[in-house]
Amino acid sequence: MFFHAHPDDEALLTGGTMARLAQEGHRVVLVVATAGELGLSARQTDLGAVRTREAHASARVLGCARVEFLGYRDSGLEGRRRHGFARADVGEAAERLAELLHEERADLLTTYDPNGGYGHPDHVQVHRVGTLAAELAGTPRVWEATVDRTRLLRGLRLARLIRRFDLTPFEKTYTAHHEITHSVDVRQYAHVKRAAMAAHATQTTGGESTRTLAALLKLPPPLFRLILGTEWYVERKRLRA
Ligand SMILES: [Zn+2]
């Protein structure tokens, strides 16, 4: 079971792993906390409904057997929205996720690292809710989807040769190389991951962060495989046996 904050997170962070597991015969289930209705997009009306459809399309491409939305509201990058997922009751959300874990008899749940990657409040909440849900359901394995920060910084330092920008915001994001427990090779599934990313059409236009997706989709396939051909996880040891 792959637990994500917003539509498109699944494709970008864990799409290759999902495609690989599905093709290897595992039942892959996607659970998304919000409809991502505050995502930056050129399209503003009914964004939640459109992004929900995009998540279903992406999940189909990745080979998911089931898609569930927890129905929380997107908190936005600033996390100011009062009724957003970031401020939802952790216990209540975890119980709902635990129910799905139970129903599916899931043997693995993916969440996010404690930083929520780059710090989006809904992503931090995915870490909290996912960790508790796995504990409640007795899910044997919890993998925190992340990015190898060491590798990311190396790439950004190179990019800085072309255009100067401040690296400080990235120095505490995601996870240091030595903490990563699983690097999943998904190069063989890069084309599937790319198609899943492309299914999130509203996120390829509009604000700063959405252009990241568009920029990645424009990479020539060999470069795409190089940059997005590995997915990283930290396996959390269970507190209780
Ligand atoms: Zn997100």
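Before reading further, recall that the structure is shown in the block above.
Residues numbered from 1 in each chain as written. Predicted model: local features only at pLDDT ≥ 70, side-chain atom pairs only at ≥ 80, totals over all residues. Heavy atoms only, no water.

Draft legend 1. Structural context of the packing of helix α2 (residues 47-62) against helix α6 (residues 190-198). Relative to each other, α2 and α6 sit at 170°, their axes nearing to 8 Å. In terms of orientation, α2 lies roughly antiparallel with respect to α6. Seen from α2, the contacting residues are Ser58, Val61 and Leu62; seen from α6, they are Val192, Ala195 and Ala196. Tallied by class, the residues present in the contact of α2 with α6 amount to five nonpolar, one polar and no charged. (Axes fitted to C-alpha atoms, helices over the stretch in contact; angles between N-to-C directions. Helix = DSSP H or I, 4+ residues; strand = E, 2+ residues; numbered from the N terminus. Parallel < 35°, antiparallel > 145°, perpendicular 65-115°, else oblique. Contact = heavy atoms within 4.5 Å. Nonpolar A, V, L, I, M, F, W, Y, C, P; charged D, E, K, R; others polar.)

Draft legend 2. Layout of the layout of surface pockets. If you add up the space inside the second largest pocket, you get close to 400 Å³. As for the second largest pocket, its lining consists of 18 residues, of which Leu21, His26, Arg27, Asp107 and Leu108 are closest to the centre. Secondary structure elements with two or more residues in the lining of the second largest pocket: α1 (9-23) and β5 (141-146). Here the residues of the lining of the second largest pocket are counted per class, giving nine nonpolar, two polar and seven charged. (1 Å grid on protein atoms, 1.4 Å probe; cavity = no way out; pocket = protein on both sides within 12 Å on 5 of 7 lines; lining within 4 Å. Points joined across faces, edges and corners; volume = space filled by probe spheres on them.)

Draft legend 3. Broad picture of the coordination of the zinc ion. On the protein side, the zinc ion has His6 (ND1), Asp9 (OD), Asp9 (OD) and His123 (NE2) as donor atoms, found 2.1 to 2.6 Å from it. Relative to the metal, the four donor atoms surrounding the zinc ion lie at angles of 54 to 142°, and the coordination shape comes out irregular. Here the donor residues for the zinc ion map to a single chain with the spacing H-x2-D-x113-H. On the accessibility criterion, His6 (6% relative accessible area) is buried. (Donors = N, O, S within 2.8 Å, 3.2 Å for Na, K, Ca; no water. Tetrahedral: all angles 85-135°; square planar, octahedral: opposite > 155°, others 65-115°. Buried < 20%, exposed > 50% of the residue type's maximum accessible area, 1.4 Å probe, protein only.)

Draft legend 4. Quick peek at the packing of aromatic side chains. Applying the stated criterion across every chain yields a total of two aromatic pairs. Here the aromatic rings of Trp143 and Tyr233 are separated by 5.1 Å at their centres, their planes lie at 45°, and the arrangement is tilted. Pair noted here: Trp143 is in strand β5 and Tyr233 is in strand β7 (residues 230-236), with a separation of 90 residues, a long-range link. The buried category is assigned to Trp143, whose relative accessible area is 12%. (Phe/Tyr/Trp six-rings, centres within 6.5 Å; stacked < 30°, edge-to-face > 60°.)

Draft legend 5. View of the pairing of strand β4 (residues 108-112). Taking burial as the measure, the five residues of β4 include five buried ones, the bulk of the element. What you see with β4 is no split at all: Leu108, Thr110 and Tyr112 on one side and Leu109 and Thr111 on the other are buried throughout. Both β4 and β5 contribute to a ladder of five bridges, which runs parallel. In the strand pairing of β5, Thr110 is matched with Trp143. (Pairing = 2+ DSSP bridges.)

Draft legend 6. How the structure looks around the side chain of Glu231. Considering the arrangement of structural elements, one finds Glu231 in strand β7. Classification of Glu231 as buried rests on a relative accessible area of 1%. Within the local environment of Glu231, its side chain forms a polar contact with the backbone nitrogen of Gly16, the two atoms lying 2.7 Å apart. In this structure the side chain of Glu231 is engaged in a polar contact, spanning 2.4 Å, whose partner is the side chain of Thr17. Leaving out residues up to four positions away in the same chain, Glu231 has contacts with Ala11, Leu12, Leu13, Thr14, Gly15, Gly16, Thr17, His182, Ser183, Val184, Val186 and Lys193. (Polar contact = N/O pair within 3.5 Å; in protein donor to acceptor, adjacent residues only side chain to side chain.)

Draft legend 7. Representation of α2 within the structure. Over its 16 residues, α2 extends 22 Å from the first C-alpha to the last, a length consistent with the 22 Å expected when each residue adds 1.5 Å. Among all positions of α2, only Leu47, Gly48, Val50, Arg51, Glu54, Ala55, Ser58, Ala59 and Leu62 are buried. On its buried face, α2 is in contact with α1, β2 (29-34), β3 (66-72) and α6. Two residues or fewer after α2 comes Gly63, characterised by a positive phi angle close to 90°. (Expected span 1.5 Å × (residues − 1).)

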